Structures are given as C-alpha cells and as structure tokens.
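Take a look at the letters that make up each chain.
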Amino acid sequence: MKKILILVFIIFAISTQAMAAGVIKEKNGKFGLFDEYSKKQLLPYEYDKITKKEGSYLLVKDGKVGVYSYTYGSPKKEVDLKPLYDDVEKLNSTSYKVKINNKYGIALKGDFIALPIQYDDVFDINELPNYWSSKIYLVKKDNKYAVYDIEEKKFVVPFSLGIDDYYIIRDFNDIFLKKGNKVGLYNVKEDIGFLPKYDEISHLTYQYYLIKSNNKYGIYYYNKVLLPLTYDKIEKDLTFGRVILANGKKQALYDFKKAEFLIPFKYQELSILPFKYRYENERSSNDLYKVKDSSGKFGIYSVKDKAQILPCKYDEINDDFILKKNNKFGLFSNVENKEILPCEYQEIKILYTTKYSVKNNDKYGIYDTVQKTFVLPIEYDKFNNLSCYFEIEKDGKIGVFDLATSKILVPAKYTEISISSSSLSSVITYKAKEGNKFTKYRYDFSGQSKSAVSNSIKTSGIVLGKVVLTPIALVGDVLWDLTPFPLWGYMMSTDENGNWHVFHSFSYSLWTDEMW
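**Observations concerning the environment of L323**
Step number 1: Along the chain, the position of L323 falls in strand β33 (residues 322–325).
Step number 2: Distance from L323 to G299, taken between C-alpha atoms, is 9.4 Å for residues 24 residues apart in sequence.
Step number 3: Setting aside residues no more than four positions away along its own chain, L323 makes contact with L310, Y314, E316, I317, K328, F329, G330, L331, F332, E339 and C343.

**Description of the sheet that holds strand β31 (residues 307–314)**
Step number 1: Pairing is antiparallel across the open sheet formed by 4 strands, whose spatial order is β28-β29-β30-β31. The sheet is open, and its two edges are formed by β28 (269–272) and β31, each paired on a single side. Within the sheet, the average angular offset between the axes of one strand and its neighbour, ignoring direction, is 20°.
Step number 2: Relative to β31, strand β30 (residues 298–302) is paired through 4 bridges, and the arrangement is antiparallel. Bridge assignment links I300 to a residue of β31, and that residue is L310.

**So, the nonpolar core**
Step number 1: Counting 13 residues, the largest nonpolar core has I125, I136, V147, V157, I175, L177 and Y186 as the members making the most contacts within it.
Step number 2: The set of elements that each furnish at least two residues to this core consists of β13 (136–141), β14 (144–149), β15 (154–157) and β17 (174–179).

**What about the pattern of salt bridges?**
Step number 1: As enumerated under the stated definition, the model contains 23 salt bridges in all.
Step number 2: In this structure, the salt-bridge partner of D164 is K144, at a minimum N-O distance of 2.5 Å. Of this pair, D164 sits in the loop between β15 and β16 (165–169) while K144 sits in strand β14; the two residues are 20 residues apart in sequence, bridging distant segments of the chain.
Step number 3: Residue K144 is classed as partly exposed on the basis of its relative accessible area of 30%.
Step number 4: K297 is paired through a salt bridge with D315; the nearest N and O atoms lie 2.4 Å apart. Here the residue K297 occupies a position in the loop between β29 (288–292) and β30, and D315 occupies one in the loop between β31 and β32 (316–317), the gap between them amounting to 18 residues.
Step number 5: On the basis of relative accessible area, D315 is assigned to the partly exposed category, the value being 26%.
Step number 6: Several salt bridges share partner residues, and in doing so they unite E89, K97 and D121 into one network.

Definitions and cut-offs
- Residues numbered from 1 in each chain as written.
- Predicted model: local features only at pLDDT ≥ 70, side-chain atom pairs only at ≥ 80, totals over all residues.
- Heavy atoms only, no water.
- Helix = DSSP H or I, 4+ residues; strand = E, 2+ residues; numbered from the N terminus.
- Contact = heavy atoms within 4.5 Å.
- Pairing = 2+ DSSP bridges.
- Axes fitted to C-alpha atoms, helices over the stretch in contact; angles between N-to-C directions.
- Core = buried A, V, L, I, M, F, W, Y, C linked by side-chain atoms within 4.5 Å.
- Buried < 20%, exposed > 50% of the residue type's maximum accessible area, 1.4 Å probe, protein only.
- Salt bridge = Lys/Arg side-chain N within 4 Å of Asp/Glu carboxyl O.

Have a look at this one:
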C-alpha cells in the first residue's frame, strides 16, 4: 500500500510540474519571470514589460522586443532572442520573423540571423508538411515573391523571376508560382520546378502535372515534358496512372506512368467498364473499355489483349455488361471476354452479383453468368424483391427463389406466403397457403438445407461428415426454447408439442445436402 501511495505521489508531482508555468512579477517598475513550481527566478527584474504570447513570453526593454520560451518542467534562464527588435512574431518552433525599421528577416534562437532583415515581409509556408514549413519560407520585396531555404542558405526561387503570386498544394509539396497570367511551380521536396510559362497547371499525381497553354494540353513529369502541348483535352481515367487523350473527334488511352499508349487514336469515345466480380479464373481488373467508332456503335477493347474483343455493332453497353442491339438485349461476360447471351431478349436487368433477370415474350427467368445457364427458366410472370429473396409468380401462384444459392425455396404453387424468423438463429420459416392447407418451409441462411412438413410426422437425422446425430421427430417447424447443443454450431429446440429438434445455427460450411 505504501509503494502505491509513493507512486501516486510521484505521478502527481510530475503532472504538477508539467502543468507549471512562468509567473510574471514586478519590482520597482521592472518585470521578471519565476518558475511557478520551483519558485526559482528565471529572468531578472530588468524588463519594462513581459507578456505571454503563444506559449512564449515577449520581453520589452528600452522599446525593443525579445523572446523567452518557457519549457514545462525544464525551465531555462537563457532568452531565445534578446530585446533587439522592433517586433517579433513566432513562425514555428525554431524560427521567428523579426522587424527593424519596417523591414523583416528571420532569426533563430540565440539571435542567429538566418535571413537578413531587409525584406518587405516574410511568410512561413504552414500549408506544407512540418519539415518543409520550418525550412522553406516565402519572402516578399517590391511586390515580388521569392522562396528561401534557410538550411541551404539560398534563394531556391529568386526575385529575378518576377513572381507576382503563389498558392500551395500541401499533399504534393508544391508551390505554384504565378507571373502575370502564367503559372510555374517549385517542388520543395525534390528541389525541382519550372518557370511560369503555362496558362494552367494541375496535379495528375505526385510529380506528374497536367499543363495547358493556348487551349492545348500536355503532361509534365519531374523536370521534363512527357506529352507535348498538342491535345485538345486530357482527362483522368478511373484507373490510376491513365488518362484519356482527345484530338478532334478521336480519343486514345495513355498510361503516363509507363509512358505508352494503351488504346490508339481510333475511337470517338472511350470509357472504362468496371470489373465487378472476382472468380478463380478472373482476368486483370480495369482491363476492359467501352469504345465507340465513327458509326456511333459500341464495342469493347481489352487493354490486356491489346485488341478489340467485341466489334462496334451495339447500340449500348452498360456497366453491367448488358448489350443492346435493335431494341433487343444480350449479355457479355467480363471473365470469358465474349458474348454469352445473344441480343434476342426483350429485357435484361442485373439482380444480384452474377444473376440477371431475363425477359422474353413477357415471361421472366434468371441467368447465372458463373454457371452459364438459366437457373430459373423463362416461364414466370413476375418477380418481387423480398429482402434478399425473390418472390416468383407463375399462373397466379407464388413461390420463393434464393438468388445466393440459385434454389427454389418454395415452389410457385401457393396463393399466400408469410415469413418469420428468429433473431437467435439463422432459420427462416415460410408459411405457404394453398386453398385451406398450410405448408411450412424452414430455411437457414446458408441456403443448404430446407424441410417441408405438411400435417405429418417424419423421422430424420443430421449428417455431419461421417457422424450421424440421433434422429429426431419433427412435428411442424415451429421452434421454441433455444438451447445450446454440445457440438459447436448446433442448437436444440422444442416444438409446440415438446419434441426436441437439433439444427445448425451459424457454421454453414458443416451442412450437407443429406439433411432431412
């Protein structure tokens, strides 16, 4: 207990010292500074005024200003700047803007003059990251700007360039320099740049710039022109490192990281097609582009294959790879890179990842692009979305289809279907009505098991690998009083007649098709 009290006292003492501050005291019209915690005198009674500002203390003596920075817990007696200046302004933790006779310079601690006091103004570039903001400064003289590096002790952008204005792009360490209507830049990290000679400059990414002059565009990289100012338009593509170039009515795709053309100047329009689905045999992402030729028709170009893989004969190709031609619809596979359904259907819409609703002769079906077949034939009158499940309708009767597993959970032969589920399990129960007869279908979220019980008693077992659990009697599918079963992933429950049920609750991979 004594050790704990000593530790608490030490922590309290350290915390108190850390929170301590300087105390300004007056004596005979002069001011001094004392440490609040130790009560020791830090500065003698020799100043006309001492004021606290931004964590430091301004010291006034004989009309001149100096600075003392108080360090919590480690007070010192040396001042940062002696009272030698007309005014002092803290730029950052290491440097101060100092003023004498309406001229400015930069002083470091110890009155070291890092920039002579002879300029109209000095600015720290606090828009830059911390390291550069304490190294690089903007200096103004006769309404012109220069950039000074106090570590290198030189102007990296001299006044002789005649810079009128500037703006900063923080994330890229760039200072954009303006002279009249022209723009140049200086990159403080790489110590590179170019003179103000372009009408506009904007970033593509680090060290890559989009340049514009006389309504023509080009690309500048590091310290050279990568693409000349000959293009009518350059736009960023959605894929990193790529741009779409336009000249007249033609467009091309260019990779400025690799400095190569990916699609030649052959098409009127280019736009990337998203890579939506990932399979074991997937192709590289961001590989396919929708292209439009002079006929106004669309096709698909593969960057990976460096070739057009679908001819320009379609009226439209949307982001779900649905093709349209002569008011009929088809489907393209972005895995196999070919047309998998011809344009002969009345309507095609995406439903769920790889599942598409296909309509023909006013009937509906569902096509799966992975299984490459219709998992639901085109013979249904209507689909209704029921929160992840689809209600299917045929000849006035309804059922339920699961998009995830491509299985019919409830056949379309009922007039009413209601759904109930338990928040304590993964089981959903469908109550289907046919005339005056009700049938209950139970379905777990894995989509790998179901049971239908209609006014009868069944004996069943659960197969788990090679282990068969004790058969159980089922009377309906209503579950009560959920109880953990001594096997991970399974639950026990009683029905309304007191019979026990064993079912799987969340480890879906353990189910087999041999249940019930």
